[in-house]
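An overview of the molecular structure
The lines below spell out each chain.
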Amino acid sequence: MSRLGFDTGKSETPITPVMLGDAKVAWEFSKRLFDEDVFAQAIGYPTVPRGKARIRVMISAVHEEKDLDFALDKFKKVGKQLGII
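Calculation criteria
- Residues numbered from 1 in each chain as written.
- Predicted model: local features only at pLDDT ≥ 70, side-chain atom pairs only at ≥ 80, totals over all residues.
- Heavy atoms only, no water.
- Helix = DSSP H or I, 4+ residues; strand = E, 2+ residues; numbered from the N terminus.
- Rg over C-alpha atoms; globule rule 2.2 N^0.38 Å.
- Buried < 20%, exposed > 50% of the residue type's maximum accessible area, 1.4 Å probe, protein only.
- Areas by Shrake-Rupley, 256 points an atom, 1.4 Å probe, with all protein chains shown as cover.
- Lys, Arg positive; Asp, Glu negative; His and termini not counted.
- Charge placed at Lys NZ, Arg CZ, Asp CG, Glu CD.
- Phe/Tyr/Trp six-rings, centres within 6.5 Å; stacked < 30°, edge-to-face > 60°.
- Contact = heavy atoms within 4.5 Å.
- Core = buried A, V, L, I, M, F, W, Y, C linked by side-chain atoms within 4.5 Å.

**Some points on the overall build of the chain**
- For the chain, the count of helices and strands is two helices and three strands.
- The linear arrangement of helices and strands in the chain, starting from the amino end, is β-α-β-β-α.
- Taken over C-alpha atoms, the radius of gyration comes to 12 Å for the chain, in line with the 12 Å a tight globule of 85 residues would show.
- Across its three principal directions, the C-alpha atoms of the chain cover 35 × 30 × 20 Å.
- For the chain, the residues scored as buried account for 27% of the 85 residues in total.
- Taken as a whole, the chain presents about 5900 Å² of accessible surface, with 53% of it coming from carbon and sulfur.
- Taking the average location of the 14 positive side-chain charges in the chain and that of its 12 negative ones, the two points are 7 Å from each other.

**Considering the packing of aromatic side chains**
- Inspection of every chain in the model, using the stated rule, returns three aromatic pairs.
- Relative to Phe29, the ring of Phe6 has its centre 6.0 Å away and its plane inclined at 80°; by these criteria the two rings are edge-to-face. One end of the pair, Phe6, is in the segment before strand S1 (15-21); the other, Phe29, is in helix H1 (residues 23-35), with 23 residues separating them in the sequence. Of the two residues examined, Phe6 and Phe29, each falls in the buried class.
- Seen in terms of ring centroids, Phe6 and Phe75 are 5.9 Å apart; in terms of plane orientation they differ by 90°. Their pairing is edge-to-face. Here Phe6, found in the segment before S1, pairs with Phe75, found in helix H2 (residues 65-81); they are 69 residues apart in sequence, far enough to count as distant.
- Three or more aromatic residues link up through ring pairs in this structure, and these residues are Phe6, Phe29 and Phe75.

**What about the side chain of Ser30?**
- With respect to the secondary-structure elements, Ser30 resides in helix H1.
- On the basis of relative accessible area, Ser30 is assigned to the buried category, the value being 12%.
- Residue contacts for Ser30: discarding those within four places in its chain leaves Ala40, Gln41, Ala42 and Ile55.

**Remarks on the nonpolar core**
- Membership of the largest hydrophobic core comes to 13 residues, with the highest contact counts inside it found for Val18, Leu20, Phe29, Leu33, Ala40, Ile55 and Phe75.
- Among the elements of the structure, S1, H1, strand S3 (53-58) and H2 are those that each provide at least two residues to this core.
- Top contributing element to this core by residue count: H1, with three residues.

The following block contains the structure:
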């Protein structure tokens, strides 16, 4: 994700944030990913501070390399559509 140009913040858990800042952008990003068959939940205020909205991504042992490649491709597509990357 970082190599694609996304800000992945800092996390010490299996959850990787994709920092987007604006809640409306995060919700639109999440919706477009869902339309591309990727479930990645947007998180905004009051769960996180205002201006710190993000997409929450969690990789697990059930994901195969092809799953990760698929998700990265979709993140790249949506990130470019929305001018994030």
